[in-house]
Structure formats: C-alpha cells, structure tokens
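Close look at the chain arrangement
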Amino acid sequence: MIKKIIIISFIVIAFIVILSAILLPGIVRRYSVKHGKEMVGRQIDLERLKVNYFTGTVRMINFKMFEANDEDIFISFDTLLVKLKPFRLFTDEFVMQHFYLSGLKTKVVQRDSTFNFDDLIAFHQIAEDSVTSVDTTLSEPFKYQLSNIEFKHARLEFENQNIGDTMILKDLSFFIPYIGWNQEEKSKAGIKFYFENEGYFESSVNINPNSGDFSANIIINKLDISPFYEYSQEYTNLGSLQGYLNTDLIISGNTDIPENAVVSGSVDLYDLKTTDERQKPFFAAAHIHSRLKNINYIGEYYAFDTLVLYDPYFYVEFYDTTINVIEATDYYAYFPIEEDSVETALTDTSGSVLYYGLDHLKIVNGLMDVVDNTTSETFEYNLSAIELIADSIYSSSDWVNLYSTMLLNNRGKLVAEVGFWPEDPMDLSLDYVITDFLLSDLNIYSRHYMGVPIIYGDMYYKSSTKILKKQLTSDNKLIIQNAEVGDKRGGLYNLPLKFALFLLKDRHGVIDLDIPVRGDLNDPRVSIGKIVWNTLKNLIIKVAAAPFDFLSRLISVDPKDIKAIEYGYMDTAFTPARQHQIDLLLELEQKKKDLEIELVYFNDLEKEKKQIVVDEAGKIFVEQSGKDYRNDEKEFIEFLKSKTGQDSIDILDASRKLIPEETVDSIAQMLAQTRRTSIEKYLQKAGDSTEIKIFIPDPRSPKNAGSEPHFEVKYAMKGVEGAEENE
C-alpha cells in the first residue's frame, strides 16, 4: 500500500513538473510582454518562446522592443536560438554551444549629443544602483566557452540627425567560431562578416588573462567609403567622396591601459575620387598604400614605414579671392595663422612632443591640372609623369630632402630637390632645373599683364633658392632661345618686354641672364610672388632704360663707348676716339639686326654762347697784345676796361659789348653744324648700308639745360616705337 502511494505521488509530481515545464515558457512569455517596462525599461513583444530541457536549447520567435513612444520599433529579430550546457555551471564554467540570431533589425538615432537608447541606460543604471551589494568574490576562477556564434541577415541603421545622414548596413552576417576565457590560459576570439555590396570585416583577438596583454588583428577588405562622406564634411568641404578601403592592422596593448595601445600594419585606398563643392575633380588616386610602424595616439607618436601614391591626380583652380584647395580643405579654419603656431603645434600643453616619422615617401606617375581664372583668359596648364621620392622624413631630423621630376605641358622637364627643416618647414631650400619649356605656354599671362603675345621660344631655367629665418635668397640662371613676341596691345603694365628681349639677345639670338632675388619675408606685406614679380619687372625696365649696358656685351666694349659721343664747348674736332665710337655703332648695327640707332644732339646753347663771346673778345685781345687771354687774365680784364670805359666790369658782360650778338649766333650755329657734318660724312664714307641717323631736338628740350655738347645714342627696335619701349 505504501509502495503504491509512493509511486502515485512520484507520478503526480512528475506530471506537475512536466506540465510546469511545458507551460512555463508560455507563462514567462506572457509575463514578459505584460511587464516589459518594469523588467527592461521598454515595452516588448514576443510571439513564441520554446525551451528544450533535454538539449538545453532556448528559442525565441519574432521579438520586438519598442521605442520610448511605445509605437516605433527600436530592435527586433526573427529567431534567437541559444544552446547551453547548464550542468557545467556547477563547475564554475559557462558553456554555450550555439548562439544563433536571425533577422536582427535595430535603428540608432543621434540628435545633438543624445541617443534614442539613453532612457534604457538610465533605467538599468538606476536598477544597478538599487541592488544591494553582494560579495562577488569567487572561490574558484570562473571560465566560459562560447562557440558557434552566428548572426544572419541583420540590418543595422544609424541616423545622425546632426548632419542629416543615415548609414545602413544591410544583410549583415558573420560567424564567430569560438570565444574562450580561462584565467589560467590565453583566450582567443574571432569575428568575420560581409558588407552589403562586397568585401568583408574580419578580426581576431588574443588576450593573456594574467598580464592583460592583448593583440588584435583587424582585416577590412573593400569597404566602400562613400557612406562616410557626410562625416567628412565636419573637417572638409568636399562635394563627393568615393573609394574602397583595405586594412590589415595589428593593435597591441594592455587591458589595464587600453588607451596606450599601439597600431601597426597596412592601410590601402583604391579608386579614391573626390570633388569640390563645385563638383569639379579635386583629388583622386588609383591606389594609396601606407604601412604603419607604430601609431600611439596618446603618446603623440606617429611612425610610418611607407606611403606611396600610385597615379594620383591633383586639380588646382585659382579664383579671384581664393583657391579650390583652401575651399575644399577649409584650411584657415583648422590652420589659423598665428604667432608661434609651429611651436604650439609640435608641443601640447602637457609638454609631450609630437613625433612623426616616415621612412619612405613616393609618388608614382602623378598628374596635376592647374587652372587660373584670375586673368582675362582662363589659363590651363598640365603637369604629368610626376615622380617624387623621399626617405627618412622625421620630425627630429636636422634636415629633410625630397626629389621630384615631372613633365610640363607634355614637353618641358622639371627636376627638383626640396629641403626643409621639420621643426619649422618655412626654413627651406629649393633647387630645380627646367628644360625644353615652351614660352608660348605663358601666352595668356604675357598678354594679360604686359599686352604682348609670345609667339614662340624655348627656356632653360635653373634656380637655387633658400629661405632661412624668413630671409629669401635666390640665384637664378635664365637662358631663352629663339624668343619672339608679337605687337603690344593693352596689358595691365606698360612694360617694354619686346624691346627688352630684343636687347638681351646675343649674336646667336640667345638670352643668358643671371637673376638674383632677395627679400625679407618678415614683412607681412611682402610675399615671394611679389618679390619675384618686382625683380622681373625691374629687370625689364632696366634693360629698356639702359640698353647700352646690355648691347656692349655683344661687341665686348665699355658701355660708355656706345652711350654718347661727347664734346666740350667750342670743341668740334672729330678725333680718332670719336671715330672709334662711330665704328662701334656701325659694328653693333651689323651684328644686331633690326636695331635702330639714332644720335640725338643735346647742348646748352646759352652756356656755349657765353664761351663764344669771351673767346671772340679774347681773339681781339690777342691781335692787339699778342697775348693769350686765358693765361693773362689781369691784362685781359684791363683790356676790357679800356675798351668799355668802365672801372669795374664783368668779363662776360664786357665781352658782349665788344662782340655783336649776330656774330655769336652765327658761330654757335657753325659749331653745331660742324659736329653734325663730320659725323654724317664719316657715316657716308662707311657705306650706304648704315641707317644710323642724327636727330636735333627742339632747343627748348629740358635735356639741353646744363648739358655740354654731345650726341646721345638712342636704341630702338625697328617697327617698334622707341618712346613707348624706352619708358
């Protein structure tokens, strides 16, 4: 009888337990739905909850958690399956054999600095604070094993209302084979999932539980960066951003101080394309490869092994008040010009010094288009086959050198070496050579600024420039061959470029100049461009204003010999020295085709007449006394007193009383005619080929005042007005 009661009791209890086990999931589901806000802080809904007590499997179907408004869905999933080994908990070990989540959907919204899950954080924070503190010390080390963690067809949506952008990861799936934690052994974890279009994310982590040291490997393959365009707007003003990112990074550190983690590995960008706000190309590259050696953000330590740009493209466009580079990068917003800005940038307030280093920098087959809209016509120029290489670029270096070559408009060649001091990059040196440069490429600038078109010509240019402590020193060699320019029409500046080029050419048509440039860049009103422009402008003016200095080199003579043929008052002798000067002009005329030479006669006639009057009175004194008035001045004065009947006289006034004015005028005219005639006869004797002319300007010309008799040599270019070219 007792045995029968025990059996029946056991059956009843078993029935109750089985019935409870069967009904429990439904009870739990209904209770959770009804009291969701009390339990988790939000209203929830769950269609089905299944538990397999024999396999330790829990399955949830069609779960939803709503937003705080109880209407919109915050997070949901189709199926959640968890398979456990509950009896292993008795050995202080949590074992999950399988975790499967399908159809996860969630939307995170940010507005200002708040998120749509802040109320959940606050709810659980209050719940934690209200729980009585318990002793969590474990008698034995706790371990866990998590296997076969799988996500299928997840959709993650992030809406940033601050910038009006929504980022969506669709059909996100990944699988983690194993995560284990044993406080006496190293633990490993891995994850891999695929992006919506193509590519994937993969990572693995190794942690030493005893020391806290960890190492993580992060691999990103073909990540589309275009969804990050809106975020780039915080730092740039780009019009668009496209490309694909690959990474293979190693992050090493310690869990106690994770902020000191060190990053190394490689980063690659493919098919990078950007535009500016005008939707014009800005920067592009087929491939950018970078290898990181040691990046420590907290320690401000940035060491790179390699940075290579393959087939980069740069587009630079100048406008009246700005440049597209400044617009796109918002340069002045992030790099304001301030005193001691370099020192401030290299040292932060904590005293730690920024270190950067790059072992190898390289640009392969670069291309640049330059467009200038500041002139009356749009100037376009192309730089191609750009190659740049540099090694050992370190912030601690005393000096860094970069070497570059490129083609200029598909013909000219540039070879350059740039050096700078990393502590202050404004201390720099620039040495470069330009060959086979077509002057006609600068035609638009020449017409705009000087009104003269460049028809053709080749240029060789060599420059050695240094800027140290904002003191500019530049030595330049300029060689121009076969330069021809058109007629002057307009232009912002009235510079005699055509005449200057004509004068600078040697007998072979080559212009060879050494051009030193100096300047003090400490003056904020002074810029390198202004210094160079003023140097060139002054050179053109100097050449046109003093052509004899440059023409003298053509026949290797003293510039004074071809500047003027000088006489003294009363002097008309056509001496061998003056004949030699005419010979030099004839030689110059033969060697410099299209050179126009004119001898312009200047003389202060009144001063010469004064000497004529005294000299004629002196001749009368000689006839009557037999003495030279220039050697016997006292007797000459007594002679004049006796002739004028005055006790006190002025030699000039007394002489005028003796010599008629008509006689003086006649002699003065004869002297001028003799000087002119002697030169004209010599020129005629030289042959009919000469076109050297003599010109007598108006006697009222200011240049006559105070001038001794002389023929000033004026040079001009045939077909060009001399007055315009010599101003």
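Scope of this entry: the structure provided in the associated data block. Computed from a predicted model, the values in this text were never measured in an experiment.

Quick look at the environment of L497
Inspection of the secondary structure puts L497 in helix α9 (residues 497–504). With 40 residues separating them along the chain, L497 and K537 place their C-alpha atoms 9.2 Å apart.

Focus on the pattern of salt bridges
This model, assessed by the stated rule, comprises 30 salt bridges. E484 is paired through a salt bridge with K505; the nearest N and O atoms lie 3.2 Å apart. Here the residue E484 occupies a position in strand β22 (residues 471–485), and K505 occupies one in the loop between α9 and β23 (510–520), the gap between them amounting to 21 residues. Beyond isolated ion pairs, a larger network of salt bridges with shared partners links K107, R155, E157 and E159.

Regarding the sheet that holds strand β24 (residues 564–566)
Strand order in the open sheet made by the four strands is β24-β27-β25-β26, with mixed pairing throughout. Strand pairing shows two members of the sheet lacking a second neighbour, β24 and β26 (693–695), which therefore form its edges. Direction aside, neighbouring strands of the sheet carry axes that sit 25° apart on average. The pairing of strand β25 (residues 595–602) with strand β27 (residues 710–717) spans eight bridges and is antiparallel. Among the inter-strand pairings, E598 is bridged to a residue of β27, identified as K714. Taken strand by strand, α9 contacts β25 and β27, and its axis lies near 105° from that of β27.

Focus: the side chain of S655
Tracing the chain through its elements places S655 in helix α15 (residues 651–658). Given a relative accessible area of 0%, S655 falls into the buried group. At a separation of 2.8 Å, a polar atom in the side chain of S655 contacts the main-chain carbonyl oxygen of I651. For S655, the contacting residues outside a window of four places in its chain are V613, V614, A617, F636 and L640.

Some points on the side chain of T275
Along the chain, T275 turns up in strand β13 (residues 262–275). Looking at T275, its side chain comes within polar contact range of the side chain of Q279, at 3.5 Å. Ignoring anything within four residues of it in the chain, the contact list for T275 reads L238, G239, S240, K280, P281 and F282.

Criteria and cut-off values
Residues numbered from 1 in each chain as written. Predicted model: local features only at pLDDT ≥ 70, side-chain atom pairs only at ≥ 80, totals over all residues. Heavy atoms only, no water. Helix = DSSP H or I, 4+ residues; strand = E, 2+ residues; numbered from the N terminus. Salt bridge = Lys/Arg side-chain N within 4 Å of Asp/Glu carboxyl O. Pairing = 2+ DSSP bridges. Axes fitted to C-alpha atoms, helices over the stretch in contact; angles between N-to-C directions. Contact = heavy atoms within 4.5 Å. Buried < 20%, exposed > 50% of the residue type's maximum accessible area, 1.4 Å probe, protein only. Polar contact = N/O pair within 3.5 Å; in protein donor to acceptor, adjacent residues only side chain to side chain.

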